[in-house]
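A closer look at the structure
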Amino acid sequence: MTSLTDRYVAATLRTVPAPRRAEIADELRASIKDMIEGRAAAGQDADAAEREVLTELGHPDRLAARYVDRPLQLIGPAYYLVWQSLLRRLLTVIPAVVGVVVGVLKATVGDEPEAAVGAGIVVAFQTGVQIAFWVTLSFAVLERTRTPLTLPEWSPDQLAEAPVERDVKLSDTCASIAFLLITLAFLPWQHLRSWVSDTDGRGLPLLDPALWTSWLPVLAVVLVLSIGLELVKYRLGGWTWPLVGLNALLNLAFAVPLIWLLATERLLNPDLVDRFEWLREGGLEMVGRVTIVVVVVITVWDVVDSVVKARRHTR
Amino acid sequence: MVSDEILRTHLQELRRGTVVVASLVALRHPDYGYALLQRLTAHGFPVDANTLYPLLRRLEEQGLLTSEWNTEESRPRKFYRTSADGEAVLARLLDDLAAVQTSVTGLIEGAKR
């Protein structure tokens, strides 16, 4: 059974380069004995004193790192920012490009379109992990060899343009309005140019034509008002509390009739339902349920999103 | 009132460099690690053993201290002594310490007016 001191010295030397071990060992051992004797002279039990001294000296690897001046971090402040920006640049582009290329190859050359998305995601993830690992490893080595990086010094010329005081981006507003317009256009389009035809070859509207005299105009008006809301929001530069309230009202005015029509199975064209057997045999109910869940999720998401953004904007 | 934690970090920062100054002064009389630790503590420079021992080796590598093994006593001990280079560096450090004190005094008096 070796003494605690022997074990401590051995543990410390383990990470010290061989040529310097002997001298550090002798000195450390002597210092520990001095410290123990100092405490014993003050009337302390020898074993307790040894324990206390070693506790005071702390983790052997930490002490060894101080002796040989070795960093106790993977990547220190000298390299951290370079590591971070390099990793960010590589990770934003390469995994996505590789994933898309592999996905496209799988779908075309490999002739397995159903496996393309999965393969692309897996390869993109693996590429990302590989990049992160090798870049980090390289910088960890640089940190340990203390290789100076001869990079150009930072200068004020590198500063990006300050973001304009506007929480809503033009691109977001355009995207929202485009989505609303497409939804709006869908209403007449599905009535006039449906891709589903009846037995005589005439187009079958997807939605119940009877709704044109009741709920469809209401939904269309709500969509138009929503476009107006997007425009006002852009002009004001962000969400305000009255806009949040208006948005919630419009969301409800769209979602409640839609859910009610779905729940009572009055949304889809009855002729269309008759045309397809699986719709008749319970399919309609399932389509209704799934659509209701989707509508609820989107509505809640939109309202919560507006509240969060309004809090940020008005702060 | 600021927390003890914040106060402690600031005091630590302030004290950090003074351990080197104190060691270079104290080792004008050769001494070994533990004895130096006790002397520094007695003179109001409390320092952790796991900071001081590696520091002595580093100062030796930098040529600011010389060392010699003393085998006359019951156990062999490594004695350190401030070298000529160490004296030169110490002189600069002491000048700077005095300059800091002067500057602080000047600032304090300037602020009073």
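Residues numbered from 1 in each chain as written. Chains lettered and ligands numbered in written order. Predicted model: local features only at pLDDT ≥ 70, side-chain atom pairs only at ≥ 80, totals over all residues.

Scanning chain B for helices and strands turns up five helices and three strands. Ordering the α and β elements of chain B from the N terminus gives α-α-β-α-α-β-β-α. Residues counted as buried form 20% of the 113 residues belonging to chain B. Nonlocal contacts in chain B, meaning residues at least 24 apart in sequence, comprise 42% of its contacts between residues at least 6 apart. (Helix = DSSP H or I, 4+ residues; strand = E, 2+ residues; numbered from the N terminus. Buried ≥ 20, exposed ≤ 12 C-beta atoms within 10 Å, placed from the backbone. Contact = placed C-beta atoms within 7 Å.)

A count of helical and extended segments in chain A gives eleven helices and zero strands. Listed by position from the N terminus, the elements making up chain A come as α-α-α-α-α-α-α-α-α-α-α. Within chain A, buried positions represent 16% of all 315 residues. Long-range pairs, those at least 24 residues apart, make up 66% of the contacts in chain A between residues at least 6 apart in sequence.

Residue-level contacts link twelve residues of chain B with 15 residues of chain A. At the level of elements, α3 (33-42), α4 (49-61) and β3 (77-82) of chain B are the ones that each hand at least two residues to the side of chain B that touches chain A. No other element matches α4(B), which puts six residues into the side of chain B that touches chain A. Its residues placed into classes, the side of chain B that touches chain A shows five nonpolar, two polar and five charged. (Nonpolar A, V, L, I, M, F, W, Y, C, P; charged D, E, K, R; others polar.)

What follows deals with the pairing of strand β2 (residues 65-70) of chain B. Residue and element names in this part refer to chain B. Judged from the six bridges that link them, β2 and β3 form a sheet pairing that is antiparallel. Looking at β3, one finds that Ser67 is bridged to Tyr80. Linking β2 to β3, which pair antiparallel, is a turn of six residues. (Pairing = 2+ DSSP bridges.)

In spatial order, the strands read β1-β3-β2 (chain B); together these three strands make up an open sheet with antiparallel pairing. Two strands bound the open sheet, and with one partner strand each, they are β1 (31-32) and β2 of chain B.

For the rest of this paragraph, the subject is the pairing of β3(B). Sheet analysis places β1(B) next to β3(B), joined by two bridges and oriented antiparallel. Following the sheet pairing, Tyr32(B) is matched in β3(B) by Phe79(B).

Residue and element names in this part refer to chain B. Mean pLDDT over chain B: 92, with 98% of residues reaching 70 or higher. Within chain B, the lowest mean pLDDT, 90, falls on helix α1 (residues 4-16), and the highest, 95, falls on helix α2 (residues 18-26). Predicted complex metrics record ipTM = 0.85 and pTM = 0.60. (pLDDT = per-residue confidence, 0-100.)

By size, the foremost hydrophobic cluster in this structure holds 27 residues, and its most contacted members are Leu36(B), Leu56(B) and Leu65(B). Sort the elements by how many residues they give to this core and helix α2 (residues 18-41) of chain A lands first, with five residues. Contact partners of Leu36(B), with chain neighbours within four places excluded, come to Ser23(B), Ala26(B), Leu27(B), Asp31(B) and Leu52(B). Counting seven residues, the second largest nonpolar core, distinct from the first, contains Leu211(A), Leu261(A), Leu262(A) and Leu268(A). (Core = buried A, V, L, I, M, F, W, Y, C linked by C-beta atoms within 7 Å.)

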